[in-house]
Amino acid sequence: MAQRRLEQVSSALGEVLQWKHPADLALTRWARTRPKMGSRDRAEIREAVFDVLRHLRQYRNWAESGVGPSTRRLAILGLSTAIGQESLSLGLTEEERQWLGHIRALNVDGLPVGVRLSLPEWLEERLKEIPDSYKLMAAMNEQALLDLRVNPMKAERDTVLRQLQNGPMARFKPVAMPFSPWGIRIEGRPSVAVWPQYEKGELEIQEEGSQLLTALLEPRRGEMVIDYCAGAGGKSLLLGALMRSTGRLYAFDVSASRLNKAKPRFARAGLSNVVPVVIQESGDQRVRRLHGKAQRVLVDAPCSGLGTLRRNPDLKWRQHPQALEQYTQMQADILEQAAACVAPGGRLVYATCSFLPEENEQQVQAFLDKHPEFRLLDAREILKDKCPALALEGPYLNLRTDRHQTDCFFGAALERITESA
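Please read all numbers here as calculations on a predicted model, not as lab measurements.

Q: Please explain the UniProt feature "domain: SAM-dependent MTase RsmB/NOP-type" (unreviewed entry) in the protein as it appears in this structure.
A: According to UniProt, the feature "domain: SAM-dependent MTase RsmB/NOP-type" (unreviewed entry) maps to residues 136-417 in the numbering used here. Regarding residues 136-417, the helix share stands at 34% and the strand share at 22%, and the terminal C-alpha atoms are separated by 36 Å.

Q: Sorry if this is basic, but what is going on with the nonpolar core here?
A: Soluble globular proteins tend to bury their nonpolar side chains together. In this structure, Leu212, Leu216, Phe266, Leu383, Leu390 and Leu397 are the most contacted members of the largest nonpolar core, which totals 37 residues. Those elements that place two or more of their residues in this core are α13 (208-217), α14 (234-242), β6 (248-253), α15 (256-268), β9 (342-352), α20 (379-383), β11 (397-399) and β12 (409-416). The element best represented in this core is α13, accounting for 5 residues. The next biggest cluster of nonpolar side chains, apart from the first, holds 36 residues, and it includes Ala48, Leu74, Leu92 and Leu100.

Q: I would appreciate a short explanation of the UniProt feature "binding site: S-adenosyl-L-methionine" (unreviewed entry) in the protein in the present structure.
A: As recorded in UniProt, the sites labelled "binding site: S-adenosyl-L-methionine" (unreviewed entry) are Asp253 and Asp300. These annotated residues cover 48 residues of sequence, and their C-alpha atoms lie no more than 10.8 Å from one another, placing them together at a single site. Its place among the elements puts Asp253 in strand β6. Relative accessible area serves as the criterion here: at 6%, Asp253 is assigned to the buried category. Dropping the residues within four chain positions of it, Asp253 is found in contact with Tyr228, Cys229, Ala230, Gly231, Arg258, Leu259, Val277, Val278 and Ile279. A distance of 2.9 Å separates a polar atom in the side chain of Asp253 from the backbone nitrogen of Ser255. As for its position among the elements, Asp300 is in strand β8 (residues 294-300).

Q: Help me out: how do you make sense of the packing of aromatic side chains in this one?
A: The relation between two aromatic rings is expressed through the spacing of the ring centres and the mutual angle of the planes. Per the stated rule, a full pass over the model turns up 7 aromatic pairs. Ring plane angle 75° and centroid distance 5.6 Å describe the contact between Tyr228 and Phe252, whose orientation is recorded as edge-to-face. Taken as a pair, Tyr228 in the loop between β5 (224-227) and α14 and Phe252 in strand β6 lie far apart in primary sequence, 24 residues in all. Across this residue pair, the class does not change: Tyr228 and Phe252 are buried. Ring pairing ties together the aromatic residues Tyr228, Tyr250 and Phe252, which thus form one cluster. Looking at Arg46, its charged tip hangs above the ring of Phe50, at a distance of 4.0 Å from the centre.

Q: Got a minute to help me understand the sheet that holds strand β2 (residues 175-176) in this structure?
A: Sheets are built from strands paired through backbone hydrogen bonds, the pairs being either parallel or antiparallel. Spatially, the 4 strands line up as an open sheet ordered β2-β3-β1-β4, and their pairing is antiparallel. Of all the strands in the sheet, the pair left with one neighbour each is β2 and β4 (203-205). Alignment of β2 against strand β3 (residues 183-186), held across 2 bridges, turns out to be antiparallel. Directly across from Ala176, in β3, lies its bridge partner Ile184.

Q: How should the side chain of Gln197 be read in this particular structure?
A: Residue placement: Gln197 occurs in helix α12 (residues 196-199). A relative accessible area of 6% places Gln197 in the buried class. Residues within four places of Gln197 in sequence aside, it is in contact with Val160, Gln163, Leu164, Met169, Glu202 and Leu203.

Q: Is there a simple way to explain the packing of helix α2 (residues 23-32) against helix α3 (residues 39-54) in this structure?
A: In helix packing, the relevant descriptors are the interaxial angle and the interaxial distance, both defined with respect to the helix axes. Viewed as axis vectors pointing N to C, α2 and α3 meet at an angle of 145°, and their least axial separation amounts to 11 Å. For α2 against α3, the interelement crossing comes out right-handed. Contact residues: Ala23, Asp24, Leu27, Trp30 and Ala31 in α2; Arg42, Ile45, Arg46, Val49, Phe50 and Leu53 in α3. Broken down by class, the residue content of the contact of α2 with α3 amounts to 8 nonpolar, no polar and 3 charged.

Q: What is the right way to look at the environment of Asn312 in this model?
A: With respect to the helices and strands, the residue Asn312 is situated in the loop between β8 and α17 (315-318). Residues Asn312 and Leu53 lie 259 residues apart in sequence; the distance between their C-alpha atoms is 8.8 Å.

Q: I would appreciate a short explanation of the pairing of β3 in the present structure.
A: In the case of a regular strand, side chains alternate between the two sheet surfaces. A two-sided burial pattern is seen for β3, the buried positions comprising Gly183 and Arg185 on one face and Ile184 and Ile186 on the other. Hairpin connection of β2 to β3: 6 residues between the antiparallel strands.

Q: Help me understand the environment of Gln362 in this model?
A: Examined against the element boundaries, Gln362 turns out to sit in helix α19 (residues 361-370). Spatially, the C-alpha atom of Gln362 lies 9.7 Å from that of Thr328, the residues being 34 residues apart in sequence.

Q: For this particular structure, what's the right way to read the pattern of salt bridges?
A: When charged atoms on two side chains of opposite charge get close, those side chains can pair. Inspection of every chain in the model, using the stated rule, returns 34 salt bridges. Residue Arg5 is joined to Asp41 by a salt bridge in which the shortest nitrogen-to-oxygen separation is 2.6 Å. With a gap of 36 residues between them, Arg5 in helix α1 (residues 2-16) and Asp41 in helix α3 connect regions that are remote in the sequence. This pair shows no difference in class: Arg5 is buried, exactly as Asp41 is. Arg403 is paired through a salt bridge with Asp132; the nearest N and O atoms lie 3.5 Å apart.

Q: Explain the packing of helix α4 (residues 56-63) against helix α5 (residues 70-83) to me, please; I cannot follow it from the model alone.
A: Here α4 crosses α5 at 125°, and the two axes come no closer than 9 Å. By the criterion of interaxial angle, the relationship of α4 to α5 is oblique. In the packing of α4 onto α5, the handedness of the crossing is right-handed. Facing α4, whose interface residues are Leu56, Tyr59, Arg60, Trp62 and Ala63, α5 presents Arg73, Leu74, Leu77, Gly78 and Thr81. Residues that form the contact of α4 with α5 fall into these classes: 6 nonpolar, 2 polar and 2 charged.

Reading the values: the criteria
Residues numbered from 1 in each chain as written. Predicted model: local features only at pLDDT ≥ 70, side-chain atom pairs only at ≥ 80, totals over all residues. Heavy atoms only, no water. UniProt positions renumbered as here; feature names shortened; annotations may be inferred. Helix = DSSP H or I, 4+ residues; strand = E, 2+ residues; numbered from the N terminus. Core = buried A, V, L, I, M, F, W, Y, C linked by side-chain atoms within 4.5 Å. Buried < 20%, exposed > 50% of the residue type's maximum accessible area, 1.4 Å probe, protein only. Contact = heavy atoms within 4.5 Å. Polar contact = N/O pair within 3.5 Å; in protein donor to acceptor, adjacent residues only side chain to side chain. Phe/Tyr/Trp six-rings, centres within 6.5 Å; stacked < 30°, edge-to-face > 60°. Lys NZ or Arg CZ within 6 Å of the ring centre and 35° of its normal. Pairing = 2+ DSSP bridges. Axes fitted to C-alpha atoms, helices over the stretch in contact; angles between N-to-C directions. Left-handed = near helix turned anticlockwise from the far one by under 90°. Nonpolar A, V, L, I, M, F, W, Y, C, P; charged D, E, K, R; others polar. Salt bridge = Lys/Arg side-chain N within 4 Å of Asp/Glu carboxyl O. Parallel < 35°, antiparallel > 145°, perpendicular 65-115°, else oblique.

Structural data, given as structure tokens:
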């Protein structure tokens, strides 16, 4: 069993480490060619592969001392975390057992920071600008729990939480989230899509930080609201529910396939006010027709995604500095287009799942310097009643994994106070 699992992890790593696709997609493609594998097999393989991705630089440093194919040595290290050193030892040669025992006995505190935390050199350099960055990256090397959200149009959180805690789902240790009034956090990776609460549209999967971004927008009944980069619709679902399916909620995205995936989710949630619209990257006539008409506009901008490293550790290795320049230009362009849709007195929320200043505070400040018709609102004032336990240090929603146990999310709430010049 251990030998077979080691061979499977080595094979899966061989696919993932080619970096042709995101790790999740590469693993899915790899598993499709092995249809006889059970769910437990896939879960253990995924856990081992993702452990390697989180600690890749450190593991490669250690693997230099071993013998045999390097991918097998990486697989040994990842699998020893996933199933335990004792269980794995049955599938190892005597030489491999001795090597693994030696490696696991090493004190990692003596390693250079970049190796210990498995940071690519370019990211290690960028982190010097961020306070307590090494605490942040250590937290992002931990495996994330699974975040759920109650549909406030169909259910109360306390009711759903009691159902989960008193039923067969209790083994996943469901608890109320500390900040989001709609959130439930669980352990493990259960198939939530087959739970009755999910099938009835009472429950969705959504990270807590993403829920708080929606709260920052404060959508109201009867308003015109735009989710400018809607993707698969996660935030649109909560926006529509908070609007009680009244008014009009435009879900914009440049990808028709992403919006098509969102449509069944809207139906299951009981939303009838969502209008999915595939838009062009610039100069879209349907966007122009909405200039100055929307009371609320959310821009969850395309970004480096580095704030999601707990869930997507391969981004450390697939991302590169040159891409950041492309992202920041794209963010500035999208922010300009979306801002034009905001009515006087309306609110614009700009957000990313990144911790890099050039994608966040610097992007917002550059926009405000160019647009005196907008002013920055204080996120602390907006969220203090909805999320009383959430402590923020400034006017932005700035969530950090080490401080808030969420993915890293940034959000800025802006208000249009006059017509543009």
